[in-house]
Amino acid sequence: MITPVCGLSGRVPSWSPAQPTGLAEPTALRFAVHREPGGEATGYALYRSKAGVARVIEVAAASRQSYAALWRFLIDLDAHDGLVYDGAVDEPLKHLLTDPCAVRPTVTDNLWVRLVDIDRALTARRYATPLDVVLEVQDTFCPWNTGRHRLCADGDFACEPTRARPDLRLTSAELGAAYLGGTTLSELAAARRVEELRPGAVAAVSLAAVSLAFRGERAPFHSSGWAFPAF
């Protein structure tokens, strides 16, 4: 990918890109590979065709140039009136087009996250800014997660149980929504799903600062979409 995207999973040798396409009797899966002048492969696209519509299964590119070249190839396919593609909400494609309005996006559910071990999960991820915050978490499905967790991310990364006064209160559902860096804690707080317990000057860290630290450079996305798992 041009920029690594959270949500993509590792693939085992038996992985197959065969997934439901929404096209009746589509063609066999077709591949397009982008190579540099020296022969190095720097991107690929997978697609199927049916009745003048190309269903693009996946586009992966190691550079901006290969990303643009692959989409040029797909857009220029002969005997096709349109393309259908499940992409991330911040997919750069529309910005490549002379008419960005030619892209007609529809937002659908794509990726769900359930944190089974909050301390391990929050220790394993990386953060956009330094952070030292105490989270009070409620989790009725995995009750061992219920309690206060101190998350420190400043060179070293650690999350562990604590008795310290909490800064934010939320459930495991909100924490899962924010974990991959897409949904922000600030927007969840605006919907009254995250509570700032020590607002203003009293707070050791603000809601806005925690929300920023959790943000990713790209929106999370899984390429198999609603068909997950596809392998």
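Computed from a predicted model, the values in this text were never measured in an experiment. Numbers given for residues are sequential positions, taken from 1 along each chain in its written order. Totals for whole chains, interfaces and linings use every residue, but because this is a predicted model, local features are given only for residues with pLDDT of at least 70 and side-chain atom pairs only at 80 or more, for both listing and counting. To obtain the side-chain values, all non-hydrogen atoms of the structure were used and water was disregarded.

### Considerations on helix 5 (residues 207-214)
Inference 1: Only protein chains enter the area calculation, which uses a 1.4 Å probe; residues under 20% of their type maximum are buried, those over 50% are exposed, and those in between are partly exposed. Strands here are runs of E lasting at least two residues and helices are runs of H or I lasting at least four, both read from the DSSP assignment and numbered beginning at the N terminus. If you check which residues of helix 5 are buried, you get Leu207, Val210, Ser211, Ala213 and Phe214. Buried residues of helix 5, viewed axially, fall in a sector of 160 degrees; they line one side. Directions from the helix axis toward the C-beta atoms define the arc.

### So, the pattern of salt bridges
Inference 1: Just to be clear on terms, a salt bridge is a Lys or Arg side-chain nitrogen sitting within 4 Å of an Asp or Glu carboxyl oxygen. Summed over the entire model, instances satisfying the criterion amount to nine salt bridges.
Inference 2: Aspartate 90 serves as the salt-bridge partner of arginine 218, at 3.0 Å between the closest nitrogen and oxygen. Residue arginine 218 is located in the segment after helix 5, and its partner aspartate 90 is located in the loop between strand 4 (82-85) and helix 2 (118-124); the two are separated by 128 residues in the primary sequence.
Inference 3: Exposure remark for aspartate 90: the relative accessible area of 28% places this residue in the partly exposed category.
Inference 4: Glutamate 136 is the partner of arginine 169 in a salt bridge, and the nearest nitrogen-oxygen pair spans 2.6 Å.

### Some thoughts on the sheet that holds strand 6 (residues 147-154)
Inference 1: Spatially, five strands are ordered 7-6-5-8-9 in an open sheet, and the strand pairing comes out mixed. In the strand order of this sheet, the two ends are held by strand 7 (156-161) and strand 9 (195-196), each with one partner.
Inference 2: The criterion for strand pairing is that DSSP finds at least two bridges linking the strands in question. Pairing geometry for strand 5 (residues 131-138) and strand 6, over seven bridges, is antiparallel. From the neighbouring strand, leucine 131 faces strand 6, where its bridge partner is alanine 153.
Inference 3: Any two residues having at least one pair of non-hydrogen atoms within 4.5 Å are treated as being in contact. Lines fitted to C-alpha atoms define the axes here, with helix axes fitted over just the stretch in contact, and angles between the N-to-C directions of these axes take values from 0 to 180 degrees. Here helix 3 (residues 172-179) sits on the sheet and contacts strand 5 and strand 8 (168-171); the angle it forms with strand 8, its principal contact strand, is near 95 degrees.
Inference 4: On top of the sheet, helix 5 reaches strand 5, strand 6, strand 8 and strand 9; it is set at about 95 degrees to strand 5, its chief contact.

### Some remarks on the nonpolar core
Inference 1: Side-chain atoms within 4.5 Å link the members of a nonpolar core, which is a set of buried Ala, Val, Leu, Ile, Met, Phe, Trp, Tyr and Cys residues. Within the largest apolar cluster, 27 residues are counted, with the highest numbers of intra-cluster contacts made by Leu122, Leu131, Leu175, Leu185 and Phe214.
Inference 2: Of all the secondary-structure elements, those providing two or more residues to this core are helix 2, strand 5, strand 6, strand 8, helix 3, helix 4 (185-190) and helix 5.
Inference 3: Apart from the residues lying within four places of it in its own chain, the contact partners of leucine 122 are Tyr127, Leu135, Leu151, Cys159, Leu175, Tyr179 and Phe214.
Inference 4: Tyr67, Leu70, Trp71 and Leu93 belong to the second-largest nonpolar core, a separate cluster that totals 13 residues.

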